[in-house]
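Examining the three-dimensional arrangement
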Amino acid sequence: MLESPCGKEPAVLRVAVVGSGPSGVYTAQSLVEQQAVPDVRVHVLDRLPCPYGLVRYGVAPDHEKIKSLQNNLRTVLDHPDVSFLGNVHIGEGGLGAEELHELYHAVVYCVGAATDRHLGVPGETLWGSFSATDFVAWYSAHPDAATHRFPLDGPAAVVIGVGNVAVDVTRILARSVDELAPTDMPQGPLGALAGSAIEDVYMVGRRGPSQAKFTTKELRELGALTGAEVVVRPEELALDPAFADPSGLPAVNRRNVEVLRSWAAEPPRGAGRRIHLRFFLRPVAVLAGPDGERVAGVRFERTLPDGHGGVAGTGNYEEIAAGTVLRSVGYRGVPLPGLPFDAESGTVPHEEGRVVRDGAPSPGEYVAGWIKRGPTGVIGTNRPCAKQTAASVLADAGSLAARRVPGDPVEELRRLGQAPVEWPGWQGIEAAEAALGRSLGRPMVKIPDWAGLLAAASAGTSNGASTAVHAKSAVRSGTGTNVPGTGTSISGTGQEAAGAGG
Ligand code: NAP
């Protein structure tokens, strides 16, 4: 067992995990489930007053099964040795890395990849051209997107990119309001999508069908929508040499091609909306309408396979008319002030999760999730990633715990100008969202704005703080039913769901 710096009592290793998405929560879980260093206290900090990161604000609202992963993440945040502290701002305009480092023995950054990649073509910033991540944030009720507006006046939308995010936004654009109403989508986006005049959604890849990044389950879903049908062009698919014989492809790509082949063989159903899956078209410009400001379409260059997995331009162009363009070409990590950053990969340099500064691991600083390995993989990919980082923290625990840190970091955070939303505050938000859903005749409906979230958190704090805090301290002191170190496990949260990672 570790000893405190003065050697009299067992030391507590205080760890801050920055980010409460899957990578942050799995890191917290790995830290408190270990046996070798019993006294680890983890504070999971988030800029938002709500936990769960991309599971709450990235997984599509109609993916209820993946969203139910929140129940598993909740079990971790409810663990007696883990505390959720929302509304704590780290980075630009908030607390600096150095200040945070003073409060905790170790800080693990699990901040994901916070922004979208750009196309780098003319017209990208015209009104009507948006990043898919902004659209996702809007229909997922992210409070930073509360004032976003998207033109849905039709008749067509173009989605650039053929990854799972592109599939998500395409599906949401093509779904009927009857399919969306039972989700937790906030009222504003639900009403806007109910009034959408978009009939044709073009999802466009620059390479061939065998190189698309979407996964087969997600692709298949496009063919199962009540009011929309998938349209593919057999002659375009056939430009891909693997289309005729996909047997040599990796399993996911082979299954994708098989699904596309089956759609190519189906006659049109005459559905009200159509999802056009297009390939071998590279975007070269987003086009303006007559006013020079509003999007009118996208110009693409036809490409062909170059024989090495890439494509080459042909000098032939095609324009697709559309009033809405969503660029879905991947996420990108952003630098956190005070932390090293590799701009090329959009990640923080690390060795087994230890942040590397000037060529050497920096004591007490760690990363996990997308900011560690880049924006790829499904939610389950974060588990081994978080485990590796947690193992590094625990291996370093002896030297880390020798440094004095404040006994009550929450008090210090307040002193430094933060106003943390603790677990009862989050429970207040959950209660308010359930009540909002009841009042609208829908299941739980998300609160989409900062003011509403903070008011609900404040009500929750006044109603439940004393009970919840009391319950956790009873558990910690051994008078509860869930005593740490007695083998009570919070594993079994291992739903290895697909979905946005980070
Ligand atoms: P992604 O999988 O990397 O796909 C990005 C797409 O954008 C690719 O088709 C890529 O084509 C294309 N692209 C990139 N640059 C381009 C350019 N300049 N012009 C045209 N196209 C371009 O990224 P994502 O869709 O954002 O997904 C991120 C991660 O989240 C993935 O791991 C994904 O599986 C996960 N996710 C999963 C789910 C789910 O499981 N339900 C849902 C959402 C997200 P190239 O291949 O040619 O580069």
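Structural data are supplied above this passage.
A brief look at the structure comes next. Being a predicted model, the structure only gives us computed values, none of them experimental.

Topic: the overall build of the protein chain
What the protein chain contains, in helices and strands, is 18 helices and 18 strands. The proportion of buried residues among the 502 residues of the protein chain is 54%. Across the protein chain, the fraction of contacts at a sequence separation of at least 24, relative to all contacts at a separation of at least 6, is 75%. Split by element, the accessible area of the protein chain, about 20,600 Å² in all, is 53% carbon and sulfur.

Regarding the packing of aromatic side chains
Applying the stated criterion to the full structure yields 9 aromatic pairs. Seen in terms of ring centroids, Trp138 and Phe150 are 4.9 Å apart; in terms of plane orientation they differ by 50°. Their pairing is tilted. Linking Trp138 in helix H6 (residues 132–139) with Phe150 in the loop between H6 and strand E7 (156–160), this pair joins segments that are 12 residues apart in sequence. Exposure remark for Trp138: the relative accessible area of 7% places this residue in the buried category. The buried category is assigned to Phe150, whose relative accessible area is 10%. Following the ring pairs from residue to residue traces out a cluster consisting of Trp127, Phe130, Phe135, Trp138, Tyr139 and Phe150. Looking at Arg261, its charged tip hangs above the ring of Phe243, at a distance of 5.9 Å from the centre. A cation sits over an aromatic face here: Arg383 above Tyr26, 4.4 Å from the ring centre.

A look at the side chain of Thr133
Along the chain, Thr133 falls in helix H6. Residue class for Thr133 comes out buried when judged on its relative accessible area of 18%. Other than its neighbours up to four places away in sequence, Thr133 contacts Asp116 and Tyr331.

Concerning the side chain of Thr324
When you line up the elements, Thr324 lands in strand E14 (residues 324–327). One polar contact links the side chain of Thr324 to the main-chain carbonyl oxygen of Pro151, over a distance of 2.6 Å. Among residues more than four places away in sequence, those in contact with Thr324 are Gly128, Pro151, Ala156, Ala157, Val158 and Ile198.

With respect to the sheet that holds strand E12 (residues 295–305)
Judged by pairing direction, the sheet is antiparallel, and its 3 strands sit side by side in the order E11-E12-E13 without closing on themselves. The outermost strands of the open sheet, each flanked by one partner alone, are strand E11 (281–288) and strand E13 (311–321). Strand-to-strand twist across the sheet, computed as the mean angle between neighbouring axes with direction ignored, equals 20°. Pairing between E12 and E13: 8 bridges, direction antiparallel. Counted as the bridge partner of Thr303 is Gly313 from E13.

Quick notes on the nonpolar core
Counting 49 residues, the largest nonpolar core has Phe135, Tyr139, Leu173, Leu260, Trp263, Leu277 and Phe279 as the members making the most contacts within it. If near-sequence neighbours (up to four positions away) are discounted, Leu277 is found in contact with Met203, Leu219, Leu222, Val230, Val231, Val232, Glu236, Leu260 and Trp263. With 46 residues, the next largest nonpolar core counts Val40, Leu69, Ala397 and Ala456 among its residues.

What counts as what
- Residues numbered from 1 in each chain as written.
- Predicted model: local features only at pLDDT ≥ 70, side-chain atom pairs only at ≥ 80, totals over all residues.
- Heavy atoms only, no water.
- Helix = DSSP H or I, 4+ residues; strand = E, 2+ residues; numbered from the N terminus.
- Buried < 20%, exposed > 50% of the residue type's maximum accessible area, 1.4 Å probe, protein only.
- Contact = heavy atoms within 4.5 Å.
- Areas by Shrake-Rupley, 256 points an atom, 1.4 Å probe, with all protein chains shown as cover.
- Phe/Tyr/Trp six-rings, centres within 6.5 Å; stacked < 30°, edge-to-face > 60°.
- Lys NZ or Arg CZ within 6 Å of the ring centre and 35° of its normal.
- Polar contact = N/O pair within 3.5 Å; in protein donor to acceptor, adjacent residues only side chain to side chain.
- Pairing = 2+ DSSP bridges.
- Axes fitted to C-alpha atoms, helices over the stretch in contact; angles between N-to-C directions.
- Core = buried A, V, L, I, M, F, W, Y, C linked by side-chain atoms within 4.5 Å.

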